[in-house]
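# Secondary and tertiary structure notes
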Amino acid sequence: MGSNHYQTVIVTGASSGIGQGIAIAFGKQGANVVVNYYDDQEGAAFTLSEVVKGGGKGFIHQADVGKEQEVIEMFDKALREYKSIDVLINNAGIQKDSSFAEMTFDEWNKVIATNLSGQFLCAREAIKHFQEKEPGHAEGKAIGNIIFISSVHDIIPWAGHVNYASSKGAILMLMKSLALEMAPKKIRINGISPGAIATDINAEVWQDEEKKKELLKLIPYQRIGLPEDVAKVATWLASPDSDYITGTTIYVDGGMTLYPGFVDNG
Ligand code: NAD
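Throughout what follows, the structure given in this document is the object of discussion. (Residues numbered from 1 in each chain as written. Predicted model: local features only at pLDDT ≥ 70, side-chain atom pairs only at ≥ 80, totals over all residues. Heavy atoms only, no water.)

### What about the sheet that holds strand S4 (residues 87-90)?
Strand order in the open sheet made by the seven strands is S3-S2-S1-S4-S5-S6-S7, with parallel pairing throughout. Single-partner strands in this sheet number two, and they are strand S3 (57-62) and strand S7 (249-252). Ignoring which end each strand starts from, the neighbouring axes of this sheet average 15 degrees apart. Its contacts with the sheet put helix H1 (residues 17-28) on strand S1 (8-11), strand S2 (32-37), S4, strand S5 (144-149) and strand S6 (187-194), and the angle it makes with S1 is roughly 170 degrees. Across the face of the sheet, helix H3 (residues 68-82) comes into contact with S1, S2, S3 and S4 while running at roughly 160 degrees to S3. (Pairing = 2+ DSSP bridges. Helix = DSSP H or I, 4+ residues; strand = E, 2+ residues; numbered from the N terminus. Axes fitted to C-alpha atoms, helices over the stretch in contact; angles between N-to-C directions. Contact = heavy atoms within 4.5 Å.)

Below is the structure:
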């Protein structure tokens, strides 16, 4: 794969976990990487240092993806700096778990604001910019790419996590509807839905031996994923090598969506 297919990439929530892994992977391909973060400046600085070590460039930028003005300012800054944006990785996401009756409106709203409205706002700013590009910009190839990082919980119901599962289920239709609208304009829109990837978001599960054993029962491939597992798919899905793919979700989940309970014939 060539190194400079994607000159500029914005990765939201890139101070840790999957976003950090994806930012570093793009850095290794020589990209300019806008490392968005929310409150972990140190994490973002580490991501950027790894991007640079890998041969890329970039800057860190604080913004809450759920706040319209902050998202607009982030895109403005990226465009001032690099003139063009090629790829948006819509990754920032949170969990605020609660049984349904106990769930506060704030816990509902915060998760929807970050996971769903945040992905909408960033996608809208990216699309505005992509549409201004010359269609012949890259003959026969996409003029822009958006990857929505969703979750297996866009199709697997999750008790005690109704806010999270609702946000991810909605991302699936946001992604597909946008893909349909944008395909004639040569803008590709896809999703990656990770299964269990060892990051901060689920550290209390994979760091606990008992809970880890229970989790592995849900993963036919019998290992917990790593951010790099997702990052490798993201760089490919944003490259011309996958140019004929749009409106698709790739499940990076070790088989978690295969109904693991049926492994011994039910
Ligand atoms: P993580 O907690 O390490 O990363 C989430 C990132 O989002 C953090 O860097 C956080 O600072 C950032 N963030 C939170 N609120 C933000 C906001 N308002 N604005 C900007 N950034 C914000 O967890 P992760 O596992 O790397 O999660 C990344 C994405 O992957 C999320 O969308 C998550 O739902 C999804 N995902 C993770 C898993 C998993 O098993 N780890 C599985 C499925 C989906």
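### Examining the packing of helix H4 (residues 105-132) against helix H5 (residues 162-182)
Where H4 meets H5, the closest approach of the two axes is 8 Å, and the angle between their N-to-C directions is 15 degrees. Relative to H5, the element H4 is oriented roughly parallel. In terms of crossing hand, the pair formed by H4 and H5 is right-handed. Counted together, Glu107, Trp108, Val111, Ile112, Asn115, Leu116, Gln119, Phe120, Ala123, Ile127 and Gln131 of H4 and Val162, Asn163, Tyr164, Ser166, Ser167, Lys168, Ala170, Ile171, Leu174, Leu178 and Met182 of H5 form the full contact between these two elements. Taken together, the residues that form the contact of H4 with H5 break down as 14 nonpolar, six polar and two charged. (Parallel < 35°, antiparallel > 145°, perpendicular 65-115°, else oblique. Left-handed = near helix turned anticlockwise from the far one by under 90°. Nonpolar A, V, L, I, M, F, W, Y, C, P; charged D, E, K, R; others polar.)

### Remarks on H4
Between the first and last C-alpha of H4 there are 39 Å, a value that for 28 residues agrees with the 40 Å anticipated at 1.5 Å per step. Along H4, the sharpest change in direction is near 35 degrees and occurs at alanine 113. (Expected span 1.5 Å × (residues − 1). Bend = angle between axes of the 7 residues up to and from the residue.)

### Details of the pattern of salt bridges
All told, the structure shown has nine salt bridges when counted by the stated rule. Between lysine 53 and glutamate 50 there is a salt bridge, with the nearest N and O atoms lying 2.9 Å from each other. Of this pair, lysine 53 and glutamate 50 are both found in helix H2 (residues 41-53), three residues apart, which corresponds to roughly one turn of the helix. The partner of aspartate 64 in a salt bridge is lysine 67, and the shortest N-O contact between them spans 3.5 Å. For aspartate 64, a relative accessible area of 9% translates into the label buried. Through salt bridges with shared partners, a single network forms among Glu68, Arg124, Glu125 and Lys128. (Salt bridge = Lys/Arg side-chain N within 4 Å of Asp/Glu carboxyl O. Buried < 20%, exposed > 50% of the residue type's maximum accessible area, 1.4 Å probe, protein only.)

### Some points on the site of the ligand
Around the ligand, the surrounding shell holds 28 residues, and the nearest of these are Ser16, Ile18, Asn91, Tyr164 and Thr199. Taking glycine 13, its main chain carries an N or O atom lying 3.4 Å from an oxygen atom of the ligand. Asparagine 91 places a polar main-chain atom, nitrogen or oxygen, 2.8 Å from an oxygen atom of the ligand. Surface burial for the ligand is 93%, taken as the share of its 810 Å² of free accessible area covered by protein chains. Those elements giving two or more residues to the shell around the ligand turn out to be H1 and H5. Each residue belonging to the shell around the ligand can be placed in one class, and the counts come to 12 nonpolar, 13 polar and three charged. (Near = heavy atom within 4 Å. Polar contact = N/O pair within 3.5 Å; in protein donor to acceptor, adjacent residues only side chain to side chain. Areas by Shrake-Rupley, 256 points an atom, 1.4 Å probe, with all protein chains shown as cover.)

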